[in-house]
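Results of the structural survey
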Amino acid sequence: MSNVSYHISNLLEKMTSTDKDFRFMATNDLMLELQKDSIKLDEDSERKVVTMLLKLLEDKNGEVQNLAVKCLAPLVSKVKESQVETMVDTLCSNMTSDKEQLRDISSMGLKTVIAELPLSSSGLNLTSSVCKKITSQLIGAMGKQEDVSVQLEALDILSDMLGRLSGALVSFHGSLLSSLLPKLTSSRMAVRKRSILALGHLVPCCSSGLFSQLTEHLLTELNKGPQTSMTRTYIQCLATISRQGGHRVGEHLEKLVPLVVKFTSVEDDELREYCFQAFEAFIRRCPKEMSPHVATVTKLCLQFMTFDPNYNYDDDEEAEDSMDIEDGLDEESDDEYSDDDDMSWKVRRSSIKCLEALISSRRDLLLSLYSSVCPALLSRFREREENVRADVFSAFSALLKQTRGTGASGGAGHHGNITAGTEATNREEEPAVAMLKTQVPGVVKALHRQLKEKSVKSRQGCFSLLTELAHTVPGALEPHIPALIPGIVFSLTDKSTSSTMRIDALSFFHVLLLSHPPQAFQTHIQVLLPPVVACVEDSFYKITSEALLVTQQLVRVMRPQGQAVTTGTFDPKPFVKEVFSVTLKRLKATDIDQEVKERAISCMGHMVCHLGDLLGAELKGVLLIFLERLKNEITRLTAVRTITLISASPIKVDLSSILPETLSVLGSFLRKNQRALKLCTLACLTALVTHHAASIKPAALEPVMSELPALVDEADMHVSQVSISLLTVMARACPSSLAKISCSVLPGVFRLVHSPLLQGGALTAILDFLQALVLSKTSNLGYSQLLKSLTEPFHSSSSALHRQSYHSVARCVAALTSVCPKDTPGTVSSLIQEVKNVGSPESARVLSLLCLGEVGRSGSLGGSKEVQGVILEAISSTNEEVKTAASSALGSMAVGSLNDYLPFLLKEISSQPRRQYLLLHSLKEVISACPASSLSPHVESIWSLLFQNCECSEEGTRNLVAECLGKLTLVSAEQLLPRLKQQLKAGSPLARSTVVTAIKFTIVDQPSPIDTLLKDCIGDFLKTLQDDDINVRRVALVMFNSAAHNKPSLIRALLPAVLPHLYKETRVRKDLIREVEMGPFKHTVDDGLDVRKAAFECMYTLLDSCLDGLDVLTFLDHVEEGLKDHYDIRMLTFLMLARLASLCPAAVLQRLDRLIEPLKATCTTKVKAGSVKQEFEKQEELRRSAMRAVAALLAVPEVERSPNMADFANLIRTNADMASIYQSVQGGDGGLGTSECMDMS
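Everything numeric in this text was worked out from a predicted model, so none of it was measured.

Reading the values: the criteria
- Residues numbered from 1 in each chain as written.
- Predicted model: local features only at pLDDT ≥ 70, side-chain atom pairs only at ≥ 80, totals over all residues.
- Heavy atoms only, no water.
- Helix = DSSP H or I, 4+ residues; strand = E, 2+ residues; numbered from the N terminus.
- Buried < 20%, exposed > 50% of the residue type's maximum accessible area, 1.4 Å probe, protein only.
- Contact = heavy atoms within 4.5 Å.
- Lys, Arg positive; Asp, Glu negative; His and termini not counted.
- Charge placed at Lys NZ, Arg CZ, Asp CG, Glu CD.
- Core = buried A, V, L, I, M, F, W, Y, C linked by side-chain atoms within 4.5 Å.
- Phe/Tyr/Trp six-rings, centres within 6.5 Å; stacked < 30°, edge-to-face > 60°.
- Lys NZ or Arg CZ within 6 Å of the ring centre and 35° of its normal.
- Axes fitted to C-alpha atoms, helices over the stretch in contact; angles between N-to-C directions.
- Parallel < 35°, antiparallel > 145°, perpendicular 65-115°, else oblique.
- Left-handed = near helix turned anticlockwise from the far one by under 90°.
- Nonpolar A, V, L, I, M, F, W, Y, C, P; charged D, E, K, R; others polar.
- Arc of directions from axis to C-beta.
- Polar contact = N/O pair within 3.5 Å; in protein donor to acceptor, adjacent residues only side chain to side chain.
- Disulfide = S-S within 2.5 Å.
- pLDDT = per-residue confidence, 0-100.

The subject of this paragraph is the overall build of the chain. Within the chain one finds 62 helices and two strands. By its C-alpha atoms, the chain is 110 × 95 × 80 Å across when sized along the principal axes. Looking at the chain as a whole, 54% of its 1241 residues qualify as buried. Sequence-distant contacts, at least 24 apart, represent 74% of the contacts inside the chain between residues at least 6 apart. Of the charged side chains in the chain, 131 are positive and 147 negative; the average position of the first set lies 4 Å away from that of the second.

Below you can see the structure in the form of structure tokens.
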């Protein structure tokens, strides 16, 4: 410690030297010392250092002064509170000094100190006392009217302090407001502007009373009709407090908007600009409250976006067609008329920005915006002022983005774009997209001339807008390609064009090529190729890289895949050499950027794939380069993808020169850790074996075969699936390579079959493989050996197998019998014996039943009476597993031979009430799996049987009946849906609940013919939300949730009518809560809980699927109620709150103070000491969930400006228990809650 004191006193001594260099060096050394974390000063040193630094602020040398200011920053956290206060006192008194230089340096010092004051709770005392000191002195300094510069500095410091530490100044907010308001009338513009800034920082944290006082003051002053310069200040202040205070302005808008509207008629350009800025802030911050005023504001924006009194646009219109060459000259002559004092462009710009805010925040008005705003924006594409034109483009792009958000026909995926467009026309097209399509010719007409303008900014704006357009409606630009090509070529060839401009042009061209059919470009290849080829040779790697992407697409244009060499009018031959030579040059180069290397490989791969037959002798050299790149770790992944592409090429490229070596390299990749490389390698091998089996010797595949066993493992199902697909291809194309399979890969495949995780694609791959293996007849594994290996584990009583593996094995057995019809009868009879044999283990009987079902599904059992008897006997078994398997098997068999089994099944359902549940399961299987055509004759008999059972007292049976009804309705929707609707009126509450549940099963997540019928009548089924029976209301909510999750389009239009009833169900109803006596204890039962839970689940789903149809503030009111409800509901509402914080932060900020209390209550609640373990676990889970919601709230910008939230955040930081939960949910454990998901299917 003494060492430090000695060193510092030495430095302080040097600071008093008369030599400025000594003083400078000593101050610099002191700064370096203070920046060390380890330094600790004793009280005496602290005092001396502070005194000396404050003295140095008055040093004659500017550099020494600056260093002294820099020393203050680390000093704040190193010295005691009293010393910081001394510093602040001195700096504040210097602020009123007569010396300008001292004032400036002290002002910098104060800003430095403010920036360093601690925000943590431990330092809050220091922060608030220092802030109070500064504030009281600054308010005094501002009162001194004589010197404007003092006022300006004081306002500046206040803005800084309010921006960072407003929470610590709550007690001063009132006096700050009263001293800032008079400054708005200052004669100096700078003072007014800085006062507005300070007020902007004050607004987010001040109380509602003060906010209203400020707004009322502005209203009063504006109503007095002050002179124009003052009106400007007030309107500007209004816009600022609206931007900063957000939602709070909402309640005052009724009075404010008409006033601002009135001032737009004053002939003053700057005032109008501020008016539109105010409108923009209102629209962005209070979209809901602005709804009544939207029409007025839109009308004003449309009026003033064309406000250009000093210029006549009509002349351009007439001259447009005749002036193609004089374009440039004409622009220069315009400038002669431009008036430096002309401010009208500011009015136009602010009105267009206001429109953009409207477009971005009100997607619900999209259609009306298309009819009113879209044509107006189009007409402004010829705006003469470059900056304003950029804003017009930006507003139009916002319109396109909103259109894309409504579910337009997909973004710019890969070649799928063209198909995406056609799919959209098959479905009903979004009305907004249809309206946009009619505007496309106008857009292109307005833009294609500007693509040749000298202005780089304009051209970039055009390309950006056209890119957005191509993403929004792929294929729509096809008729206009001839008009756009000259503009693209101009930007690529113009000598004065910057590299950014070229990249933008290439990037747009790439999107254009991806989203339009190749034939549209073929006639223009001659014009397009030279500039693109020149860009490939450019010295700047980014241009080269983008140009290679475009070249790759142009190769596809020259000869689209599937087009034979002879057919078609377009001959690519003349262009091949030109493209090939530049691409080869880039492919050979090794000293270039990684991205260029990869794209050169990919581009050349496409050339070989599409035009390989035209490359002649060059082809062999290119393939050798690919082999080289395959061996290089940096380029191997791209090379694998490229070889996959080439091997599948329809022009049958001869790969024999590189095949043996390629196969051994690819084999080595299969043991690498990089998963993407493994998957690509497997895909490449599959393509090679499929298309080039004749050139592959069995020995060449050995390195691959040796690596495959390790890849077939349940730890990574996708890799297993792709590996098994490769084996299947090998079994079909090179069966001899599988000779040793029984001891290598096959055990792994069987382990996978018996795994509980096997399903979907991986199971299908295994079925294909087993069939291919039996048919290949190469290995020593025939039908019977495979069957034995599959079923063996089920015959030993020791092995416990998962239920899923029974179904997997049954599918495998059925797949094998389907390709070996001779062996089927024997297999079936042995399966029947196994089921009959009561002594067999349960697992073997269950498996045999399931196998019979799967074999029967293909119809190969016929209507065997023996089988029917065996199944009925099994359904009557005492063993639950056997019964379930028998019902599943009966359903599967009925699917295979409907006429034999269905009448028998329906008869049994009617006559056997005790077996009804199991038999209904069989019926469900039949309805789900049979095609509509074969079911049609039986619909009536099934329908009447189901309605006989729809009022069953067992809920499980009713749900099964409902599922059967729903799936049956899909078979013949036009006849059956109206009959379901009639049952709503006729039936008892139980029948109504069954009918409503049935509707849930008609809503599937794929497009289906029933959708249009459902859309018309789902409203009638949703009326059951008002049913008297609580159970009917619950199932109606579940059905509504299913519709919102799987097909939101069905219910979007009904939201205004349905939401009030949904919200009604979220309330706790006292009349549904009852007390039950359980011995000496009383237990409270809430019969309304399930309905409330269903209602909150619906709300959660609506957040994802129909956010734009919700009034978020009303929604939040009900979320707030849910935060105080039962455990399950609170868990749900915490999730919702986290979602809302990321989706609608502005609305959440508006309700923040009301949301914090329940969150705080949950996080601070402790469980009673004697509670059971489950209680502790539940409370812990609640706290974690609440903390995830808090973390999501804290991620919202400006959230800690709320004093309550700042307090809560401090509480979390200071409480060790809460801090550790917060850390864990923020770390790897659940993130900020926004990624939390709930399965609502």
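Once the structure has been displayed, the description carries forward.
For the rest of this paragraph, the subject is the environment of Leu701. Turning to its location among the elements, Leu701 is positioned in the loop between helix H34 (675–692) and helix H35 (702–711). What makes Leu701 buried here is its relative accessible area of 1%. Each C-alpha atom of the pair Leu701 and Cys734 lies 9.4 Å from the other, and the pair is 33 residues apart in sequence.

Right, let's get into the nonpolar core. Of all hydrophobic cores here, the largest spans 418 residues; its most connected members are Phe282 and Ile1051. If one sorts the elements of this core by residue count, helix H57 (residues 1127–1143) sits on top with eleven residues. Setting aside chain neighbours within four positions, we find Phe282 in contact with Leu238, Ser242, Val249, Leu253, Leu256, Val257, Val260, Pro287 and Met290.

Scanning the entire structure with this criterion turns up eight aromatic pairs. Here the aromatic rings of Phe381 and Phe396 are separated by 5.4 Å at their centres, their planes lie at 75°, and the arrangement is edge-to-face. Here Phe381 is found in the loop between helix H19 (366–379) and helix H20 (386–405), whereas its partner Phe396 is found in helix H20, with 15 residues between them in sequence. Both residues of the pair, Phe381 and Phe396, count as buried. Taken together, Phe276, Phe279, Phe304 and Phe307 form an aromatic cluster joined through their ring pairs. One Lys or Arg, Lys1178, reaches over the ring of Tyr1127 and ends 5.0 Å from the middle of that ring.

Mapped onto the elements of the fold, Arg1092 is located in helix H55 (residues 1089–1105). On the accessibility criterion, Arg1092 (3% relative accessible area) is buried.

With that settled, consider the packing of helix H2 (residues 20–34) against helix H4 (residues 62–76). Packing of H2 against H4 brings their axes to within 9 Å, and their N-to-C directions diverge by 15°. Between H2 and H4, the angle falls in the class roughly parallel. Between H2 and H4 lies a crossing whose hand is left-handed. Across from Lys20, Arg23, Phe24, Thr27, Asn28, Met31 and Leu34 in H2, the residues of H4 making contact are Glu63, Val64, Leu67, Ala68, Lys70, Cys71, Pro74 and Leu75. Of the residues in the contact of H2 with H4, the class split is nine nonpolar, two polar and four charged.

Turning our eyes to something else, we now look at helix H62 (residues 1216–1226). Working note: α-helix, 3.6 residues per turn, so residues spaced by three or four point in the same direction. Turning to H62, its buried residues number three or more, namely Met1218, Ala1219, Ile1221, Tyr1222 and Val1225. The arc enclosing the buried residues of H62, seen along the axis, measures out at 160°, which places them on a common side. Opposite the buried face of H62, at more than 90 degrees from it, the exposed residues are Ala1216 and Gln1223. For H62, the N-terminal cap is Asn1215; the gap from its side-chain oxygen to the backbone nitrogen of Asp1217 is 2.9 Å.

Before going further, it helps to examine the state of the cysteines. Under the counting rule described, the total for this entry stands at zero disulfides. With no disulfide of its own, Cys71 has Cys92 as its nearest cysteine by sulfur position, at a separation of 20 Å. Judged by its relative accessible area of 0%, Cys71 is buried.

On average, residues of the chain score 81 in pLDDT, and 91% of them are at 70 or above. Ranking the elements of the chain by mean pLDDT puts helix H21 (residues 416–426) last, at 38, and helix H32 (residues 636–647) first, at 92. Predicted confidence is poor over residues 317–338, with pLDDT under 50, and the contacts of this stretch with residues over four places away or in other chains come to ten contacts. Long-range and interchain partners of residues 1228–1241, a stretch whose pLDDT sits below 50, account for 35 contacts in this model, where long-range means more than four residues apart.

Further remarks concern the packing of helix H13 (residues 253–263) against helix H14 (residues 269–285). Their axes nearest at 9 Å, the elements H13 and H14 cross at an angle of 150°. Classified by the angle between their axes, H13 and H14 sit roughly antiparallel to one another. With respect to the hand of their crossing, H13 and H14 are arranged in left-handed fashion. Touching Leu253, Leu256, Val257, Val260, Val261 and Phe263 of H13 are Leu271, Cys275, Phe279 and Phe282, all from H14. Split by residue class, the contact of H13 with H14 holds ten nonpolar, no polar and no charged.

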